[in-house]
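Descriptive analysis of the structure
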Amino acid sequence: MVKKHITNTVSQWFGRFADHEFSSGIQSFINSAYVNLLGLDMSEFAPPSTYPTLNKLFTRELKKERPVDRRHGALISPVDAFVTECGKIEKDKAMQIKGMVYSIDDLLTLQYGREAKELYDGTYINFYLSPKDYHRYHMPYKLRVASILHQPGKLYPVNFPSLRRRKELFVENERVILECFTEKGKRIFIVLVGALNVGRMTIAFDHRIQTNADRREPTFYRYDKKPVWIHKGDLLGMFMMGSTVLIFAEPGLMEIRTNDRTHVRFGERVALIRE
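Here's what I pulled together on the structure shown here. (Residues numbered from 1 in each chain as written. Predicted model: local features only at pLDDT ≥ 70, side-chain atom pairs only at ≥ 80, totals over all residues. Heavy atoms only, no water.)

1. Observations concerning the side chain of Glu115
Its place among the elements puts Glu115 in helix α5 (residues 113-117). If sequence neighbours within four positions are ignored, Glu115 has contacts with Glu179, Arg187 and Phe189. (Helix = DSSP H or I, 4+ residues; strand = E, 2+ residues; numbered from the N terminus. Contact = heavy atoms within 4.5 Å.)

2. Regarding helix α2 (residues 24-38)
The end-to-end C-alpha separation of α2 is 21 Å, in line with the 21 Å expected for 15 residues at 1.5 Å each. Taken residue by residue, α2 has Gln27, Ile30, Asn31, Tyr34 and Val35 as its buried positions. All buried residues of α2 fall inside an arc of 130 degrees around its axis, so they share one side. Turned more than 90 degrees away from the buried face of α2, the exposed residues are Phe29, Asn36 and Leu37. (Expected span 1.5 Å × (residues − 1). Buried < 20%, exposed > 50% of the residue type's maximum accessible area, 1.4 Å probe, protein only. Arc of directions from axis to C-beta.)

3. Points about the pattern of salt bridges
Evaluation of the coordinates by the stated rule reveals 17 salt bridges. Across the pair Arg66 and Asp80 runs a salt bridge, and its minimum N-O distance is 3.0 Å. Placement of the pair is Arg66 in the loop between α3 (54-58) and β1 (74-76) and Asp80 in the loop between β1 and β2 (81-88), with a sequence separation of 14 residues. Given a relative accessible area of 6%, Asp80 falls into the buried group. Close ionic contact of Glu255 with Arg257 constitutes a salt bridge, the shortest N to O distance being 2.6 Å. Owing to a relative accessible area of 31%, Glu255 belongs among the partly exposed residues under this scheme. Taken together, the shared-partner salt bridges in this structure form one network comprising Arg114, Glu115, Glu118, Glu179 and Arg187. (Salt bridge = Lys/Arg side-chain N within 4 Å of Asp/Glu carboxyl O.)

4. Some remarks on the pairing of strand β16 (residues 269-273)
In terms of burial, β16 is a largely internal element, 4 of the 5 residues being buried. Sheet topology note: the β1/β16 ladder contains 3 bridges and is antiparallel. Following the sheet pairing, Ala74 is matched in β16 by Leu272. Where strand β14 (residues 254-256) lies against β16, 3 bridges are found, and the strand directions are antiparallel. Of the residues in β16, the one forming a bridge with Ile256 is Ala271. (Pairing = 2+ DSSP bridges.)

5. Some thoughts on the packing of aromatic side chains
Per the stated rule, a full pass over the model turns up 9 aromatic pairs. Taking the centre distance of 5.2 Å and the plane angle of 80 degrees together, the rings of Tyr102 and Phe170 count as edge-to-face. Of this pair, Tyr102 sits in strand β4 (residues 100-103) while Phe170 is found in helix α7 (residues 169-172), placing the two residues 68 residues apart along the sequence. Here Phe170 falls in the buried class, since its relative accessible area comes to 1%. Through a chain of ring-to-ring contacts, three or more aromatic side chains come together here, namely Phe45, Tyr134 and Phe266. Its end group placed over the ring of Trp229, Lys142 keeps NZ or CZ at 5.6 Å from the ring centre. (Phe/Tyr/Trp six-rings, centres within 6.5 Å; stacked < 30°, edge-to-face > 60°. Lys NZ or Arg CZ within 6 Å of the ring centre and 35° of its normal.)

This is the structure:
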């Protein structure tokens, strides 16, 4: 059992504030202040005053569809984000940030112990969403979701100072782990990492998954009876503020076509799938 940490409590308090619907004048002021403070680009979204809560502004929907790279083999960025690190998994180690590694064995937990070993010497991409980014995440490729593990944990910040200071930050934080397969049966893991004030992460097709709740035991979900296929670009869920998405692929499957320290947008190609 994972003990409740002060970061979880703070995130729950902030979540209640962000979910509260104030009078229209006050809410408009809160929303505008948030937009101005962080310098949000609202050109693809509705005006700030139209969102009834701060969380509705956090999880804002695009006004029109974003172009998605539909070319064969193109794996797209699932989010608007900054690529903090990407490259080859060195046996079981991936980079959290330069000079700081984390173990994919520990990240994926004993639940996926055997599967984690199949990722050794594969490739990975870390996507960091800042508080001003679009907070929805989408499927980067046509994949079948075979199982999901919700692993409770702490909610430390995942910004650059924290990445440089705290070892195995992704392993300590709460996360939702999706085991996925391509049409040819190749394995890809997508890991959604919680962070301070994010608290909640949603899965669009399974509302049973409740993060930053009082549940402290890991929860495992399988989708054997009715296969769950999600097409490239389709909505996968949303963060209730910025956070991190990690993608891992088995060796020889994902050829990275982006660089670290690069800002990417949902819909653009960041890798090629070689099957």
